[in-house]
Amino acid sequence: MTDAARRPAGELEAEVLAALWAARSPLTPPQVQQSLGGTLARTTVATILARLHGKGAVIRSRAGRAYVYTPAVEDEAALTARRMHTELEKGDDRSGVLARFVSRLTPDDEQVLRGLLARAEEPESRQ
Amino acid sequence: MTWAVWAPLLAPLLAVPSARRLADLLPPRAAALLLAATATLLAVLSAGALAMLTTAGLLRLPLIAGLARMSATDMRRSTPVILPIGALAALTLGVAAVALLRTAQRHRVDLLRAADTAERHGGAGDLTVLPDPGADAYALPGLPGRPGRVVVTAGMLRGLNAREREVLLAHERAHLKCRHHILIILTDLASCLDPALRGLRKPLAFHLERWADESAAQTVGDRRLTAQAIGRAALAASAAPALPRPAMALAASTGPVPRRVAALLAAEQPRTQRSSRLRTTRPAAAVAALLTGCVLSSGVCALDAATDLHATIEAAQGALPTREGHGHAHHPVPHGMYPPPQRGAT
């Protein structure tokens, strides 16, 4: 259980928005709470969703008796795969000043990495 | 001028490998700071040495010596710097200055372009999500009047679970909070001044990632989860590349990602031998001594060369009878070094 109350509001908003983006379909508030691993109280999630909606970061629609939420994407139809690609390319940095989360893997790297992850997932086998 | 002026130019040959070696033995934060500081310090010293060689060489030309109101013959007698070396130093300095400006401009363009992209897409808190199916994530440093942001693609978010996303956000926030881009920019600019320092850039990038990894592991309180998040993100990125990277970016032979993951997993196990710490301390101390010696002697030599050049210039100025006394305001000269100004003389 993370101490949600003591974390900055911006961090919680970011986490909820990330959860909505990670889901491929609209989510109800309980589904959002679940997809966050249950670390936030239901009321906290509801408050954050309302705040995100107020800011226009998410879209709210009715599904039966409940509200469902999706991330707001400006003019979805215009975002063809090609355009998305160029959008990202504009954020590309040849100077390397943007610290990227992960760099490219060589085929060898990929093999080593899969081995490391497989071993990490079954810690008992090491003993 | 003494031969000491060459020391700062040669120092990187020994200092770069020892800094890299020492960085590998240090914790990530200390390693990154060490690499950036070494790069910056050595770059300043070697640029200073080049400037001194340029000055000493050019002052052998009667025309330029005349402009500085000193005797070119005297300069020639007292410094071993020949004119071609001075000219070469001047050229190198010029090329370095151009490279410096171009690199600074490239950084600026990249930052502004990335900021522009982030601004046009939705987000909340400090997160911007790019609606791209490819997997990518980076920290966009804050600019004056604009706080830093974590930029992540939809594809990356979909490749991770909730806790792994927490790791990703914590990692990028660590980059932003500790202002890692400043160390990157400093080291990049340093290697423009002295290309021999270029070898510090890759290790710096690696240790900055390790620093952010450790910071994220502390935030989420789980090293194995952190390792897993990095590994899964890298695999997601290689399965769905966000953009075609230039061929050069692909050429990295030993990938940093497996090393980062291995470092997190290795430290998770209880320390089996207390002596392992001892075993790394001694080589670390030796390499640290070597590096310190290298940087220190480079600094001392630069200082020595500067003092010497200054004295030589003063002596050469003294060798010529000055026509105007107020030409030397910026070279305070000890009493009796040159004839007193003859104000009334024509």
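Definitions and limits used
Residues numbered from 1 in each chain as written. Chains lettered and ligands numbered in written order. Predicted model: local features only at pLDDT ≥ 70, side-chain atom pairs only at ≥ 80, totals over all residues. Heavy atoms only, no water. Pairing = 2+ DSSP bridges. Helix = DSSP H or I, 4+ residues; strand = E, 2+ residues; numbered from the N terminus. Contact = heavy atoms within 4.5 Å. Axes fitted to C-alpha atoms, helices over the stretch in contact; angles between N-to-C directions. pLDDT = per-residue confidence, 0-100. Phe/Tyr/Trp six-rings, centres within 6.5 Å; stacked < 30°, edge-to-face > 60°. Lys NZ or Arg CZ within 6 Å of the ring centre and 35° of its normal. Parallel < 35°, antiparallel > 145°, perpendicular 65-115°, else oblique. Nonpolar A, V, L, I, M, F, W, Y, C, P; charged D, E, K, R; others polar. Buried < 20%, exposed > 50% of the residue type's maximum accessible area, 1.4 Å probe, protein only. Expected span 1.5 Å × (residues − 1). Arc of directions from axis to C-beta. Salt bridge = Lys/Arg side-chain N within 4 Å of Asp/Glu carboxyl O.

Right, let's get into the sheet that holds strand 2 (residues 127-130) of chain B. Strand order in the open sheet formed by 5 strands is 3(A)-3(B)-4(B)-2(B)-1(B), and the pairing between neighbours is mixed. The open sheet has two free edges, formed respectively by strand 3 (99-100) of chain A together with strand 1 (123-124) of chain B, since each of these has just one partner strand. For strand 1 of chain B and strand 2 of chain B, the ladder comprises 2 bridges, and the chain directions are antiparallel. Considered in strand 2 of chain B, the bridge of Ala-124 of chain B is made with Leu-127 of chain B. Contacting strand 3 of chain A together with strand 2, strand 3 (137-140) and strand 4 (149-153) of chain B, helix 7 (residues 162-177) of chain B runs over the sheet at an angle of about 30° to strand 3 of chain B.

On average, residues of chain A score 77 in pLDDT, and 74% of them are at 70 or above. Predicted confidence in chain A is weakest over helix 4 (residues 81-90) of chain A, with a mean pLDDT of 51, and strongest over helix 3 (residues 42-55) of chain A, with 91.

Another point: the packing of aromatic side chains. The final tally for this structure, using the stated rule, is 0 aromatic pairs over all chains. The ring centre of Phe-206 of chain B lies 3.9 Å from the NZ or CZ of Arg-259 of chain B, which sits over that ring.

This brings us to the packing of helix 1 (residues 9-22) of chain A against helix 3 of chain A. Residue and element names in this part refer to chain A. Taken N-terminus to C-terminus, the directions of helix 1 and helix 3 make an angle of 85°; their axes are 10 Å apart at the nearest point. Considered as vectors, helix 1 and helix 3 are oriented roughly perpendicular to each other. Contacts from Ala-9, Leu-12, Glu-13, Val-16, Leu-17 and Leu-20 in helix 1 reach Thr-44, Ile-48, Leu-49, Arg-51, Leu-52 and Lys-55 in helix 3. Classifying every residue of the contact of helix 1 with helix 3 gives 8 nonpolar, 1 polar and 3 charged.

Now for the environment of Leu-265 of chain B. Mapped onto the elements, Leu-265 of chain B comes out in helix 12 (residues 256-268). In sequence terms Leu-265 of chain B and Arg-224 of chain B are 41 residues apart; their C-alpha atoms lie 6.0 Å from each other.

This part covers the pairing of strand 3 of chain B. Burial along strand 3 of chain B is two-sided: Ala-137 and Ala-139 of chain B facing one way and Tyr-138 and Leu-140 of chain B facing the other are all buried. With 2 bridges connecting them, strand 3 of chain A and strand 3 of chain B associate as antiparallel partners. Along strand 3 of chain B, the bridge assignment pairs Arg-100 of chain A with Tyr-138 of chain B. As paired strands, strand 3 of chain B and strand 4 of chain B are joined by 4 bridges and run antiparallel to one another. Across the sheet, the residue bridging to Ala-139 of chain B is Val-150 of chain B, located in strand 4 of chain B.

The next point concerns helix 3 of chain A. All names here are of chain A. Taking 1.5 Å per residue as the helical rise, helix 3 with its 14 residues ought to reach 20 Å, and the 20 Å between its terminal C-alpha atoms agrees with that figure. The complete set of buried residues in helix 3 reads Val-45, Ile-48, Leu-49 and Leu-52. When helix 3 is viewed along its axis, its buried side chains cluster within an angular range of 100° and face the same direction. Along helix 3, the residues that are exposed and aim more than 90 degrees away from the buried face are Thr-43 and Gly-54. At the C-terminal side of helix 3, Gly-56 shows a positive phi close to 80°.

Moving on: the pairing of strand 2 of chain B. Alternating positions in strand 2 of chain B separate into two faces, Leu-127 and Val-129 of chain B on one and Thr-128 and Leu-130 of chain B on the other, with burial throughout. Between the antiparallel neighbours strand 1 of chain B and strand 2 of chain B lie 2 residues, among them Gly-125 of chain B with a positive phi of about 60°.

Residue and element names in this part refer to chain B. For the structure shown, the criterion picks out 13 salt bridges over all chains. Put simply, Asp-110 and Arg-113 hold a salt bridge, and the shortest N to O gap is 3.0 Å. Linking Asp-110 with Arg-113, this pair stays in helix 5 (residues 83-119), spanning 3 residues, or about one helical turn. Asp-110 sits in the buried class, given a relative accessible area of 3%. What makes Arg-113 partly exposed here is its relative accessible area of 30%. When the shortest N-O distance is used, the salt bridge between Arg-201 and Asp-188 registers 2.6 Å.

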